[in-house]
Amino acid sequence: MSKSSSMLLILLAAIFWGTTGTSQAFAPEDAHPIAIGAVRLAVGGLFLLCLVLFKGTLTLRDWPARTILLAAVSMAAYQPLFFSAVLMTGVAVGTVVAIGSAPIFSGCIEWLFLKKRPALLWWASTGLSITGCLLLLNNQGTVAIDPIGIVLALGAGLSFAGYTFVSRNLVKTHAPLSVVAVIFTTSALLLSPLLFLFDLSWLFTSRGAGISLHLGVVATGIAYWLFAKGLSNVPSSTAVTLSLGEPLTAALLGVFVLGEELSGTAWFGISLLLLGIALLIGSSHLAARQTVLTEERQTRTGG
């Protein structure tokens, strides 16, 4: 799989993640955001586990327990941190701070642990994308900033960056489907106590069941499987920057599905987001083409 194709898979995963806000808008009123996050992980983990067992590709050998635990804890921590931040600061602020801070954390993690300084192009595309997110946030008008909610959102961004960095090592040696099945099943077990703290009667309604299946199967199971497949050929910092397609999707769904309105500034923010993402994918395609041309030139010279 080429690097450009891997980037498109990650971008598709981000699009699926971007549907979560719209799905929650249709959830029953008594569904607590933290409970929704726990249910989402439980349904996603069960779906992935059933899928990998059905295919018969899961083996229990040569799995690094420490790496799996780190990835599972990161993903388990992301759910309550993110949904609590959204509860305290609102969907717009919580999402933008969490998803917008993740690329910065990811670049710092790679720099710290791999001694790999992010390329100038990554800084440019990430800067454009984050600026676009902030301009989207400006569409919300006057926003009350809750300091604790901001800290929780930053924690969610760090958790997602950590999950991406750790899981990338796993997809190098194991099938992506097996990786997400193991990680999300473990994460679901870690979060299972939360399911006993909230009223889950909404799950047994047709709307609640439908929302849970969408969040668990599409926005979690399938999305993170695509994300894992893409990670096998893309640096974690680049993958997290591409995940900024999530707030972009959420904003567009808000307009075309929920009937929300965007200001001119917000539309400009969307254009910056698209430009930042296109810059990453386009540069990857150009680099691949240059590599092919170099190899052909070397072959002709050698002949």
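Residues numbered from 1 in each chain as written. Predicted model: local features only at pLDDT ≥ 70, side-chain atom pairs only at ≥ 80, totals over all residues. Heavy atoms only, no water.

Visitor: For this particular structure, what's the right way to read a nonpolar patch on the surface?
Guide: Taken together, the side chains of Phe 26, Phe 256, Val 257, Leu 258 and Trp 267 make up a nonpolar region of the molecular surface, amounting to roughly 510 Å² of accessible area. Its place among the elements puts Phe 26 in the loop between α2 (20–25) and α3 (33–55). (Patch = residues over 30% accessible without salt bridge, like charges linked within 9 Å, V, L, I, M, F, W, Y side chains within 5 Å. Areas by Shrake-Rupley, 256 points an atom, 1.4 Å probe, with all protein chains shown as cover. Salt bridge = Lys/Arg side-chain N within 4 Å of Asp/Glu carboxyl O. Helix = DSSP H or I, 4+ residues; strand = E, 2+ residues; numbered from the N terminus.)

Visitor: Would you explain helix α1 (residues 3–17) in this entry?
Guide: Working note: α-helix, 3.6 residues per turn, so residues spaced by three or four point in the same direction. Relative to the 21 Å expected for 15 residues at 1.5 Å per residue, α1 spans 21 Å between its end C-alpha atoms, a close match to the ideal helical length. Burial in α1 covers these residues: Ser 4, Ser 6, Met 7, Leu 9, Ile 10, Leu 11, Ala 13, Ala 14 and Trp 17. (Expected span 1.5 Å × (residues − 1). Buried < 20%, exposed > 50% of the residue type's maximum accessible area, 1.4 Å probe, protein only.)

Visitor: What am I meant to see in the packing of aromatic side chains here?
Guide: The relation between two aromatic rings is expressed through the spacing of the ring centres and the mutual angle of the planes. Evaluated as defined, the whole model comprises 13 aromatic pairs. An angle of 90 degrees between the planes, with centres 5.6 Å apart, marks the rings of Trp 17 and Phe 160 as edge-to-face. Taken together, the residues span a long stretch of sequence, with Trp 17 in helix α1 and Phe 160 in helix α7 (residues 147–171) at a distance of 143 residues. The buried category is assigned to Trp 17, whose relative accessible area is 2%. Accessibility expressed as a relative area gives 3% for Phe 160, which makes it buried. Between the aromatic rings of Trp 17 and Tyr 224, the centroid separation amounts to 4.8 Å while the plane-to-plane angle is 45 degrees, which identifies the pairing as tilted. Of this pair, Trp 17 sits in helix α1 while Tyr 224 sits in helix α9 (residues 206–231), placing them 207 residues apart in sequence. Take Tyr 224: its relative accessible area is 2%, and that puts it in the buried class. Aromatic rings pair up to connect Trp 17, Tyr 78, Phe 82, Phe 83, Phe 160, Tyr 163, Phe 184, Tyr 224 and Phe 227 into one cluster. (Phe/Tyr/Trp six-rings, centres within 6.5 Å; stacked < 30°, edge-to-face > 60°.)

Visitor: Is there a simple way to think about helix α4 (residues 65–89) in this case?
Guide: Compared with an ideal rise of 1.5 Å per residue, which puts 25 residues at 36 Å, α4 spans 36 Å between its outermost C-alpha atoms and is within 8% of the ideal. Taken from the residues just after α4, Gly 90 is the one with a positive phi, measuring 100 degrees.

Visitor: Please clarify how the side chain of Thr 19 should be interpreted in this entry.
Guide: Within the secondary structure, Thr 19 is located in the loop between α1 and α2. A relative accessible area of 16% places Thr 19 in the buried class. Setting aside residues up to four positions removed in sequence, Thr 19 forms contacts with His 214, Ala 219 and Leu 253. (Contact = heavy atoms within 4.5 Å.)

Visitor: Would you explain unusual backbone geometry in this entry?
Guide: Negative phi is the rule for most residues except glycine; trans is the rule for most peptide bonds. If you check the backbone angles, Lys 115 has positive phi at about 55 degrees while not being a glycine. Within the secondary structure, Lys 115 sits in the loop between α5 (91–114) and α6 (120–137).

Visitor: Would you mind going over the environment of Phe 26 with me for this structure?
Guide: Assessed through its relative accessible area of 40%, Phe 26 is described here as partly exposed. In this structure the C-alpha to C-alpha distance between Phe 26 and Leu 258, which are 232 residues apart in sequence, comes to 9.7 Å. Among all residues touching Phe 26, those that are not within four sequence positions of it are Arg 207, Ile 211, Val 257 and Leu 258.

Visitor: Just checking my understanding: could you explain the confidence of the model for the chain for this structure?
Guide: Detailed reading of the predicted coordinates is not advisable wherever pLDDT is low. Looking at the chain as a whole, its pLDDT mean stands at 84, while 90% of the residues score no less than 70. Averaged pLDDT values over the elements of the chain bottom out at 70 in helix α12 (residues 264–302) and peak at 94 in α9. (pLDDT = per-residue confidence, 0-100.)

Visitor: Could you clarify how one ought to interpret the side chain of Arg 168 in this entry?
Guide: Here Arg 168 lies in helix α7. Although buried, Arg 168 forms no salt bridge, and the nearest oppositely charged side chain, Glu 110, lies 6.0 Å from it. Beyond its immediate sequence surroundings of up to four residues, Arg 168 is in contact with Leu 231, Asn 233, Val 234, Pro 235 and Ser 236. (Lys, Arg positive; Asp, Glu negative; His and termini not counted.)

Visitor: Would you mind showing me how to read the packing of α7 against α9 here?
Guide: Think of two packed helices as two axes; the pair is described by the angle between the axes and how far apart they sit. Look at α7 against α9: their axes get within 9 Å of each other, and the N-to-C directions meet at 60 degrees. Here α7 is positioned oblique relative to α9, judged by the angle of their axes. Between α7 and α9 the crossing geometry is right-handed. Side by side, α7 and α9 meet where Phe 160, Tyr 163, Thr 164, Ser 167, Arg 168 and Val 171 of the first sit next to Tyr 224, Phe 227, Ala 228 and Leu 231 of the second. Looking at the contact of α7 with α9, its residues break down into seven nonpolar, two polar and one charged. (Axes fitted to C-alpha atoms, helices over the stretch in contact; angles between N-to-C directions. Parallel < 35°, antiparallel > 145°, perpendicular 65-115°, else oblique. Left-handed = near helix turned anticlockwise from the far one by under 90°. Nonpolar A, V, L, I, M, F, W, Y, C, P; charged D, E, K, R; others polar.)

Visitor: What is the right way to look at the nonpolar core in this model?
Guide: As a rule of thumb, soluble globular proteins bury nonpolar side chains together. Grouped together as the largest cluster of nonpolar side chains are 70 residues, with contacts concentrated most on Trp 17, Phe 160, Tyr 163, Val 180, Phe 184, Tyr 224 and Phe 227. The element that contributes the greatest number of residues to this core is α7, accounting for ten residues. Sequence-distant contacts of Phe 184, defined by excluding residues within four places in its chain, comprise Leu 41, Gly 45, Leu 48, Met 75, Tyr 163, Thr 220 and Tyr 224. Core analysis: the second largest hydrophobic core is formed by ten residues, Ala 35, Val 39, Ile 211 and Leu 215 among them. (Core = buried A, V, L, I, M, F, W, Y, C linked by side-chain atoms within 4.5 Å.)

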